[in-house]
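# Summary of the model geometry
Each chain, letter by letter, is given below.
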Amino acid sequence: MKIVQVGIYPPPLGGISVHIKRLKQRLEENGHECIVFNEGTYFNARINVFTFNKYSLLFKLLFIKADVYHFHTINIKIRMLLGLFKKILKKKVVLTIHGNSLIDQLNKHKGIRKKILIKSLLKIDHIICVNDNTRTRLIEMGFNKDKVSTIPSFIKPIEIEDDIKKIPKEVWDFIKSQKFLITANGNIRFYNNTDLYGIDMLIELIDSLNKNGYDVGLLFALLGVESQNNEERNYYETLKGKIQSLGLQEKIYFFEVKDSEFYPILNKSHLFIRPTCVDGFGVSISEALSQGVPAIASDVCKRPEGTLLFSSRDMLDLTKKTTDIINRYEYYKKIEEQNYPEDYFRKVLEIYKK
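Throughout what follows, the structure given in this document is the object of discussion. (Residues numbered from 1 in each chain as written. Predicted model: local features only at pLDDT ≥ 70, side-chain atom pairs only at ≥ 80, totals over all residues. Heavy atoms only, no water.)

Turning our attention to the overall build of the protein chain. The helix and strand inventory of the protein chain stands at 15 helices and 15 strands. For 354 residues, the compact-globule estimate of 2.2 N^0.38 gives 20 Å, and the C-alpha radius of gyration of the protein chain, at 21 Å, lies within 12% of that figure. Contacts in the protein chain between residues far apart in sequence, at least 24 positions, make up 68% of those at least 6 positions apart. Of the roughly 16,600 Å² that the protein chain leaves accessible, carbon and sulfur atoms contribute 50%. Counting 54 positive and 42 negative side-chain charges, the protein chain places the centres of these two groups 9 Å from one another. (Helix = DSSP H or I, 4+ residues; strand = E, 2+ residues; numbered from the N terminus. Rg over C-alpha atoms; globule rule 2.2 N^0.38 Å. Contact = heavy atoms within 4.5 Å. Areas by Shrake-Rupley, 256 points an atom, 1.4 Å probe, with all protein chains shown as cover. Lys, Arg positive; Asp, Glu negative; His and termini not counted. Charge placed at Lys NZ, Arg CZ, Asp CG, Glu CD.)

The structure is reproduced here in structure tokens:
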């Protein structure tokens, strides 16, 4: 088959961009052709990654003959045009809804804008949701249940030496200096005025654990530093100031990611934590579990099997679950060995074949 994907392609690295990159790799590995139209700035014609703006996309797609056009964009304007894409291109159109982006758009927009969005999505061939909540909402709104699937976004990485080499020496030095390493990742971002990725909670956690006799460090892989707005930059500086005031400079490291994958770092960590206040799935959790690393996550959505959940924004519960894993680490490691996460590439491929 020939597949066109539309969405963000790394760099920058993030849940959606990594998913698209790995989906492309696996398609090509299995003998299919894949072209990516990148919403970001990275362009590489040699590997069929092209850039576009929302005004030129339809024009460009008219000249690309493919079997399936797979959209990952969260841009509401493009989503509102997908029905038109379907009509004009006369090809199969698939949309993956990452996170809670569609639910947020349906809740935020009223009237004609909302009607156009729903009408557009009703016309396309298939919708992939990364969690059941979105699928349930769409079926309640009248979408055909046979045309809406739940497929989490985890696709196992193809491990290559270059991914290890891209990680700076300072990061490896910090990792080696820690007796028990906790890792986390995400952006400086807010959701309803709350730290979306729970970085504030992680700093408080590391402070509490070390004060109570646990020799623990945190490496936070920070995405999208270059695109931070003033509010996010100010908050980032506030977080770094708090780390310094608590004397945790040797215990907490912000790794400002540019183009390196996260899995080599996970492979050297003892525990992964995802304390998001809202989420769609949390592909990094599956990434950790696939490396045999125990994972803790907030209970804001369905998580991969084997994840230890804590009550969202509940500092006491997060601390309790973390100390339990540290105290009974071998027990939790054995659990992870029995809960290897599913790789969902084949399920996406089956949608294409249908």
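There's more to say after this.
A word on the packing of aromatic side chains. This structure, assessed with the given rule, holds eleven aromatic pairs. Between the aromatic rings of F71 and F85, the centroid separation amounts to 5.3 Å while the plane-to-plane angle is 10°, which identifies the pairing as stacked. Residue F71 is found in strand β4 (residues 68-71), and its partner F85 is found in helix α3 (residues 76-89); the two are separated by 14 residues along the sequence. Comparing F71 with F85 shows no difference in burial state: the two are buried. Ring centres of F180 and Y329 lie 5.5 Å apart, and the angle between their planes is 80°; on these two criteria the pair is classed as edge-to-face. Here F180 is found in strand β8 (residues 180-186), whereas its partner Y329 is found in helix α14 (residues 329-337), with 149 residues between them in sequence. For the residue pair F180 and Y329, the accessibility class agrees, reading buried in each case. Here a set of aromatic residues connected by ring pairs shows up, and it is made of F37, F43 and F50. The ring of Y236 is capped by K240, whose NZ or CZ atom sits 4.2 Å from the centre of that ring. (Phe/Tyr/Trp six-rings, centres within 6.5 Å; stacked < 30°, edge-to-face > 60°. Buried < 20%, exposed > 50% of the residue type's maximum accessible area, 1.4 Å probe, protein only. Lys NZ or Arg CZ within 6 Å of the ring centre and 35° of its normal.)

This part is about unusual backbone geometry. At the junction of P10 and P11, the peptide bond is cis and its omega measures out at 0° in the coordinates. Of note, P11 is situated in the loop between β1 (2-7) and α1 (15-29). The amide bond that connects P11 to the next residue, P12, takes the cis arrangement and shows omega of 0°. You can see P12 is positioned in the loop between β1 and α1. The residue N193 is not glycine, and still its phi comes out positive at about 65°. Mapped onto the secondary structure, N193 falls in the loop between β9 (190-191) and β10 (194-195). Note on N193: relative accessible area 77%, which makes it exposed.

So, about the sheet that holds strand β15 (residues 308-310). Strand order in this open sheet of six strands is β12-β11-β8-β13-β14-β15, and the pairing throughout is parallel. Because the sheet does not close on itself, it has two edges, and the strands there are β12 (252-256) and β15. With direction set aside, neighbouring strand axes in the sheet form an average angle of 25°. Of the strand pairs in this sheet, β8 and strand β13 (residues 271-274) are connected by two bridges, and their pairing is parallel. Looking at the pairing, T183 lines up with F272 of β13. In the packing of helix α10 (residues 230-245) onto the sheet, contacts are made with β11 (216-222) and β12, and the angle to β12 comes to roughly 150°. Each of β8, β11, β13, β14 (295-298) and β15 touches helix α13 (residues 315-327); the most contacted strand, β15, lies at about 155° to it. (Pairing = 2+ DSSP bridges. Axes fitted to C-alpha atoms, helices over the stretch in contact; angles between N-to-C directions.)

Another aspect to go through is the environment of V216. Take V216: it is sitting in strand β11. Distance from V216 to D200, taken between C-alpha atoms, is 16 Å for residues 16 residues apart in sequence. Residues contacting V216, with those up to four places away along its chain left out, are Q178, F180, I182, I206, L209, N210, K251 and I326.

Another point: the side chain of H98. Within the element layout of this structure, H98 appears in the loop between β5 (92-97) and α4 (101-108). A distance of 3.1 Å separates the side chain of H98 from the side chain of H72, its partner in a polar contact. Once you skip the residues sitting within four places of it in the chain, H98 turns out to touch I16, H19, H72, R79, V130 and S153. (Polar contact = N/O pair within 3.5 Å; in protein donor to acceptor, adjacent residues only side chain to side chain.)

Helix packing geometry: the angle between the two helix axes and the distance between the axes. At a minimum axis distance of 7 Å, the contact between α3 and helix α5 (residues 111-123) shows a crossing angle of 45°. With respect to α5, the element α3 is oriented oblique. Relative to α5, the crossing made by α3 is left-handed. Across the interface between the two elements, I76, K77, R79, M80, L81, L82, G83 and K86 from α3 touch R113, I116, L117, S120, L121 and K123 from α5. When its residues are assigned to classes, the contact of α3 with α5 shows seven nonpolar, two polar and five charged. (Parallel < 35°, antiparallel > 145°, perpendicular 65-115°, else oblique. Left-handed = near helix turned anticlockwise from the far one by under 90°. Nonpolar A, V, L, I, M, F, W, Y, C, P; charged D, E, K, R; others polar.)

By themselves, these figures tell us nothing about what the structure is for.
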